[in-house]
Amino acid sequence: DAGVTQSPTHLIKTRGQQVTLRCSPKSGHDTVSWYQQALGQGPQFIFQYYEEEERQRGNFPDRFSGHQFPNYSSELNVNALLLGDSALYLCASSLVIGRGNSGANVLTFGAGSRLTVL
Amino acid sequence: AQSVTQLDSQVPVFEEAPVELRCNYSSSVSVYLFWYVQYPNQGLQLLLKYLSGSTLVESINGFEAEFNKSQTSFHLRKPSVHISDTAEYFCAVQGSTLGRLYFGRGTQLTVWP
């Protein structure tokens, strides 16, 4: 059973460029979340997609945008790259336990895409 | 909003020694709690979780954590560590339905022979 897959694994960009990162969720999962992990820090929530819509968003500027496709896969786009955008970008998929009323959002993470901005 | 504090950024221990990685959280609502482990150049792997029920939860590789609501803590323990346990450990809290995870800054556990 394939878990969460992300591509590319590594990439290097220069300031001002744009980047697109891709994620395929674990089979059976319908919700995708993106996290940014800077060096030496814990992951920070960027946004979450469900039913092809952005459902929640963290404290990130509009330069960060995303998309979810009908097959539940997702993309993260970052425009006008800054040096501070250098980080490991983690995609996580989930299926809520007890969906409908309340439940935990148990995440399965991919290996990440490491972005270096020069 | 929720927040997580991992009190130790680095914990060095010798092989076969016991270890405790501390985690405290802040939340005004009921929470779900998680520990994730990250090996070098890899993503996060779920180690264990507290959703409800027994406050003591265990992983398949000998780690355990206890949810203490009065002290708002979820410390991770292992009675005897192995070199292969060397990794970064992250505590995380989720406080709402379908909610985001709030992570601590992580604790680097290094096991020496």
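Residues numbered from 1 in each chain as written. Chains lettered and ligands numbered in written order. Predicted model: local features only at pLDDT ≥ 70, side-chain atom pairs only at ≥ 80, totals over all residues. Heavy atoms only, no water.

Caption draft 1: Representation of the packing of aromatic side chains within the structure. Counted by the stated rule, this structure contains 13 aromatic pairs over all chains. Ring centres 5.3 Å apart and planes at 85° place the aromatic pair F109(A) and Y36(B) in the edge-to-face group. Remark: Y36(B) occurs in strand β5 (residues 32–38) and F109(A) occurs in strand β10 (residues 107–109); the pair is interchain, linking two chains. No difference in accessibility class separates F109(A) from Y36(B), as the two residues are buried. For the pair Y50(B) and F67(B), a centre-to-centre distance of 4.4 Å together with 25° between the ring planes defines the contact as stacked. A residue pair is termed long-range when its members are at least 10 positions apart, and Y50(B) in strand β6 (residues 44–50) and F67(B) in strand β8 (residues 64–68) qualify at 17 residues. Residue Y50(B) is classed as buried on the basis of its relative accessible area of 9%. (Phe/Tyr/Trp six-rings, centres within 6.5 Å; stacked < 30°, edge-to-face > 60°. Helix = DSSP H or I, 4+ residues; strand = E, 2+ residues; numbered from the N terminus. Buried < 20%, exposed > 50% of the residue type's maximum accessible area, 1.4 Å probe, protein only.)

Caption draft 2: Focus on the environment of D62(A). Residue and element names in this part refer to chain A. The residue D62 is located in the loop between β6 (53–57) and β7 (64–68) in this model. Taking relative accessible area as the criterion, D62 reaches 70% and is therefore assigned exposed. Here the alpha-carbon distance between D62 and T31, two residues 31 residues apart in the chain, equals 21 Å.

Caption draft 3: Spatial organisation of the interface of chain A and chain B. Across the contact, 26 residues belong to chain A and 20 residues belong to chain B. Of the roughly 1,900 Å² buried between chain A and chain B, counting both surfaces, carbon and sulfur atoms make up 55%. Among the residues chain A hides against chain B, the three largest losses belong to P43(A), N105(A) and F109(A). Together they make up 21% of the total. Linking chain A with chain B are zero salt bridges, by the criterion used here. Between chain A and chain B we count four residue pairs in polar contact (both at pLDDT 80 or more) in total. Every element with two or more residues in the side of chain A that touches chain B is listed here: β4 (31–37), β5 (44–50), β6, β9 (87–94) and β10 of chain A. (Contact = heavy atoms within 4.5 Å. Buried area = accessible area lost by both parts, 1.4 Å probe. Salt bridge = Lys/Arg side-chain N within 4 Å of Asp/Glu carboxyl O. Polar contact = N/O pair within 3.5 Å; in protein donor to acceptor, adjacent residues only side chain to side chain.)

Caption draft 4: How the structure looks around the nonpolar core. Residues and elements named next belong to chain B. Residues L33, W35, L48, F74, L76 and Y89 are the most contacted members of the largest nonpolar core, which totals 28 residues. Residue assignment for this core shows that the elements contributing at least two residues are β2 (10–14), β3 (19–21), β5, β6, β8, β9 (73–78), β10 (87–94) and β12 (107–112). Tallying contributions element by element places β10 first for this core, with four residues. (Core = buried A, V, L, I, M, F, W, Y, C linked by side-chain atoms within 4.5 Å.)

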